[in-house]
Structure formats: C-alpha cells, structure tokens
Amino acid sequence: SFDVKKGEILCVAGLVGAGRTEIFKCVFGITEKEPGGHTFIEGKEVNIKSPIEAIKYGMGYVSEERRHDGITPGMSVKENMILPSYGQMTKNGLIDYKKITEIVDQYIDSMSIKTASRETLIKNLSGGNQQKVIVARWMAKNVKMLILDEPTRGIDIGTKTEIQKIVLDLADQGMAVTFISSEVEEMLRTCS
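Source: prediction; values computed, not measured.

A.B. asks: Provide a residue-level description of the nonpolar core, including the pertinent values.
C.D. replies: A general feature of soluble globular proteins is that nonpolar side chains tend to end up buried together. Ranked by size, the top nonpolar core spans 34 residues in total, and within it Met-81, Tyr-107, Met-111, Val-135, Leu-146, Leu-148 and Leu-170 carry the most contacts. When contributions to this core are tallied by element, the ones reaching two or more residues are helix H4 (77–82), helix H5 (97–110), helix H6 (127–140), strand E7 (145–149), helix H7 (157–172) and strand E8 (176–181). The contacts of Met-81, once residues within four sequence positions are left out, are Val-104, Tyr-107, Ile-108, Ile-113, Val-133, Ala-136 and Arg-137. In terms of nonpolar packing, the next biggest core, distinct from the first, is built from 15 residues, Phe-24, Val-27, Ile-41 and Val-46 among them.

A.B. asks: Go over the environment of Lys-6, please, and point to the residues and values.
C.D. replies: Assignment of secondary structure puts Lys-6 in the segment before strand E1 (9–13). For Lys-6, a relative accessible area of 63% gives the class exposed. For Lys-6, the residues in contact, after removing those within four places along its chain, are Glu-42, Gly-174, Met-175 and Ala-176.

A.B. asks: Outline the pattern of salt bridges, listing residues and values.
C.D. replies: Side chains that carry opposite charge are capable of pairing whenever their charged atoms lie near each other. Per the stated rule, a full pass over the model turns up nine salt bridges. A salt bridge links Glu-150 to Arg-20; the nearest nitrogen and oxygen atoms lie 3.0 Å apart. Of this pair, Glu-150 sits in the loop between E7 and H7 while Arg-20 is found in helix H1 (residues 20–27), placing the two residues 130 residues apart along the sequence. With respect to burial, Glu-150 and Arg-20 carry one shared label: buried. Across the salt bridge formed by Glu-119 and Lys-78, the nearest N and O atoms sit 2.9 Å from each other. Linking Glu-119 in the loop between H5 and H6 with Lys-78 in helix H4, this pair joins segments that are 41 residues apart in sequence.

What counts, and where the lines are drawn
Residues numbered from 1 in each chain as written. Predicted model: local features only at pLDDT ≥ 70, side-chain atom pairs only at ≥ 80, totals over all residues. Heavy atoms only, no water. Core = buried A, V, L, I, M, F, W, Y, C linked by side-chain atoms within 4.5 Å. Buried < 20%, exposed > 50% of the residue type's maximum accessible area, 1.4 Å probe, protein only. Helix = DSSP H or I, 4+ residues; strand = E, 2+ residues; numbered from the N terminus. Contact = heavy atoms within 4.5 Å. Salt bridge = Lys/Arg side-chain N within 4 Å of Asp/Glu carboxyl O.

In short, geometric facts, not functional conclusions.
Okay, structure coming up:
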C-alpha cells in the first residue's frame, strides 16, 4: 500500500525483478491488476484498464525500457514529445502546428535537449537526450502524476544529474512523482 500526494516524490527501491515495475505497470493500466488491488485518484476509486484511461486521469509513465517502450524511433523529437498531446493541440478542428512548435522549442531549451533540430529523428539522439524528450512528453501533456521507472539507467552522469533536478522541480511545481530505481544513492539524492 502506498500514497503519493501533489508535490511529493514517492521513491520505490529494489533490484530489477523484485516486482516494483510490475506494480506500476498495473497502476498505469499496461498489465491487469491482481484481484483485490485498488487504485484511488483524488479520493475516488478508479479501475484503470489501459494506458489511455490512465492518461485521461492525468497520469504519465516513463518505462525502464526506453528504446522498446518509450520512443518511437522513426519519428522526430517533435513528434515523440507531442504524441499524447495532439488532441489538445487543435484549433478550429485542425492541428495547431505553431503551438506545437512553440511547446517543443520551449522544452528543448528549458531541458537542454541536445538535438540538431526538433525534426531530428529521436533515434539519433543520445540515450539521455531521448529520456529528456520522454519526460518532456508528459510535461507538455500537463499530467498530475508521473511514474518514472529507472529514468537514469544507461545515461551519462551529467544527464543523470539533470534528470534528478527535473524530478525535484516537477515536485516543487505540484506534480506527484513516483521514482523507481535500483540505485540507492540516486534515491537518497532524489527523494530526500
């Protein structure tokens, strides 16, 4: 049993294979939850059966398998960042490309994403910059809760520090964040 409130970072530590990822895949609707499991959002019980439903409830999820479950390699940085937000990026029934460009450029700048342009294929970015794009995806969507599963695995130390700072900033801005990691020192820095 666990709670995470607005502005808090819930840290979940454990070795790979200990079940921590599986719990949050259930919370986000990727896998079916076990009988008897309950999820409450803002005090109301919800039965999330798919990631689409989780997103409607204001949740975002950053998978531990960035290359397999996080990015769409054949799409650009811009497309990967805006993917879940296209529905809210319309004006008079048409996609508002100007608004999309402004939002993408804002996050490329504020998160120091190293890319030749917003049109660069995401597969051509370093792992750390791919991860920043995925986190920016949920920031652009304005989610209330973000689940980060091993968000700094396989990235350089400088980018790890940047992502940890982003997590702290998200909590300061009122987002509920769940941070899953097998690195105890990282947990202590992020969740203290």
